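# Structure at a glance
Each chain is listed here by its residues.
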Amino acid sequence: RFQGGDGRVVVPDDKPKYTVAFGTDGGVSVRFDCNRGRGSWKSDRPGQVLFGPLALTRAMCPPGSLHDQFVKHWFYVRSYLLRDGRLYLALMADGGIYEFEPLAR
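Attention here is on the structure that accompanies the text.

### Description of the nonpolar core
Counting residues in each nonpolar core, the largest one holds 19 residues, and the members touching the most others are Val30, Phe51, Phe70, Trp74, Leu89, Tyr98 and Phe100. When contributions to this core are tallied by element, the ones reaching two or more residues are β3 (18-22), β4 (27-32), β9 (86-91) and β10 (96-100). Leave out the neighbours within four places in its chain, and Val30 touches Thr19, Val20, Asn35, Arg36, Gly37, Leu54, Leu56 and Trp74.

Structure representation (structure tokens):
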């Protein structure tokens, strides 16, 4: 889910279509609805995260998709928090927070 700095909350209709997987080698894999991509990440100190450019597929996602929002916000993520098994990625300047839950196995 995404909660904007203005209090607006958006929840995807199909949560498993929005994923982030961090590699120990500094790589990151994402799925933003109908598109998948790879990029890089780094963290110079606890709570900080910076993402590099993403190489994404370019399929046209259906109406109501959060794909465009995720892509637009990606470079503005600056910090993270792990709490109760969930990952929170926060945008700079109180722009909002993405909340990810673990995928069911």
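From this point on, the discussion continues.
### Concerning the layout of surface pockets
Estimates place the volume of the largest pocket at around 690 Å³. What lines the largest pocket is a set of 29 residues, and nearest its centre among them are Val20, Leu87, Phe100, Glu101 and Pro102. Of all the secondary-structure elements, those providing two or more residues to the lining of the largest pocket are β3, β8 (77-83), β9 and β10. With five residues, β3 is the single largest residue contributor to the lining of the largest pocket. Here the residues of the lining of the largest pocket are counted per class, giving 21 nonpolar, two polar and six charged.

### Examining empty space enclosed by the protein
All told, the structure shown has one cavity of 30 Å³ or more when counted by the stated rule. Taken as a whole, the largest cavity spans an internal volume of roughly 60 Å³. Lining the largest cavity are Phe70, His73, Trp74, Val77, Leu89, Tyr98 and Phe100. Considered class by class, the residues forming the lining of the largest cavity number six nonpolar, one polar and no charged.

### Re the pairing of β3
Summarising the sheet, β3 and β4 pair through five bridges and their orientation is antiparallel. Residue Thr19 lies in a different strand from β4, and its bridge partner there is Arg31.

### Re the sheet that holds β9
As summarised here, the arrangement of the five strands in space is β2-β1-β10-β9-β8, forming an open sheet in which the pairing is antiparallel. A strand with exactly one partner marks an edge of an open sheet, and here the two such strands are β2 (9-10) and β8. When β8 meets β9, the two strands line up antiparallel, connected through six bridges. In the strand pairing of β9, Ser79 is matched with Ala90.

### A few points about the environment of Met92
Its location among the elements puts Met92 in the loop between β9 and β10. Look at Met92 and you get partly exposed, because its relative accessible area is 39%. Separated by 16 residues in the primary sequence, Met92 and Tyr76 have C-alpha atoms spaced 5.7 Å apart. When sequence neighbours within four positions are dropped, the list of residues in contact with Met92 reads Tyr76 and Arg78.

### Focus on the state of the cysteines
A covalent bond between the sulfur atoms of two cysteines is referred to as a disulfide. A full pass over the atoms with the stated rule returns one disulfide. Across a sulfur-sulfur distance of 1.9 Å, Cys34 and Cys61 are joined as a disulfide pair. Disulfide Cys34-Cys61: the torsion about the S-S bond is -100 degrees, which places it as left-handed. Note that Cys34 is positioned in the loop between β4 and β5 (35-42) and Cys61 in the loop between β7 (55-56) and α1 (67-73), a separation of 27 residues in sequence.

Cut-off values and rules
Just so you know, the residues in each chain are numbered from 1, in the order the chain's sequence is written. Per-residue local features are limited, in this predicted model, to residues with pLDDT of at least 70; the limit for side-chain atom pairs, both in listing and counting, is 80 or more; totals at the level of whole chains, interfaces and linings are taken over all residues. Based on all heavy atoms of the structure, the side-chain values leave hydrogens and waters out of the count. By convention a nonpolar core is built from buried Ala, Val, Leu, Ile, Met, Phe, Trp, Tyr and Cys residues, the set being connected through side-chain atoms within 4.5 Å. Relative accessibility under 20% of the residue-type maximum defines a buried residue, over 50% an exposed one, and the middle range a partly exposed one, all with a 1.4 Å probe and only protein chains included. Segments assigned H or I by DSSP are reported as helices when at least four residues long, segments assigned E as strands when at least two residues long, and all are numbered from the N terminus. Whether two residues touch is decided by their heavy atoms; if any such pair falls within 4.5 Å, the residues are in contact. Here a cavity denotes grid points, spaced 1 Å and computed from the protein atoms alone, that fit a 1.4 Å probe unable to get out, and a pocket denotes an open set having protein on both sides within 12 Å along at least 5 of 7 lines; residues with an atom within 4 Å of a point are the lining. Grid points are joined across faces, edges and corners, and a volume is the space filled by probe spheres set on the points. Three categories are distinguished: nonpolar for Ala, Val, Leu, Ile, Met, Phe, Trp, Tyr, Cys and Pro, charged for Asp, Glu, Lys and Arg, and polar for the others, with Gly belonging to the last. Strands are labelled as partners when DSSP assigns at least two bridges between them. Pairs of cysteine sulfur atoms within 2.5 Å are what we label disulfides.

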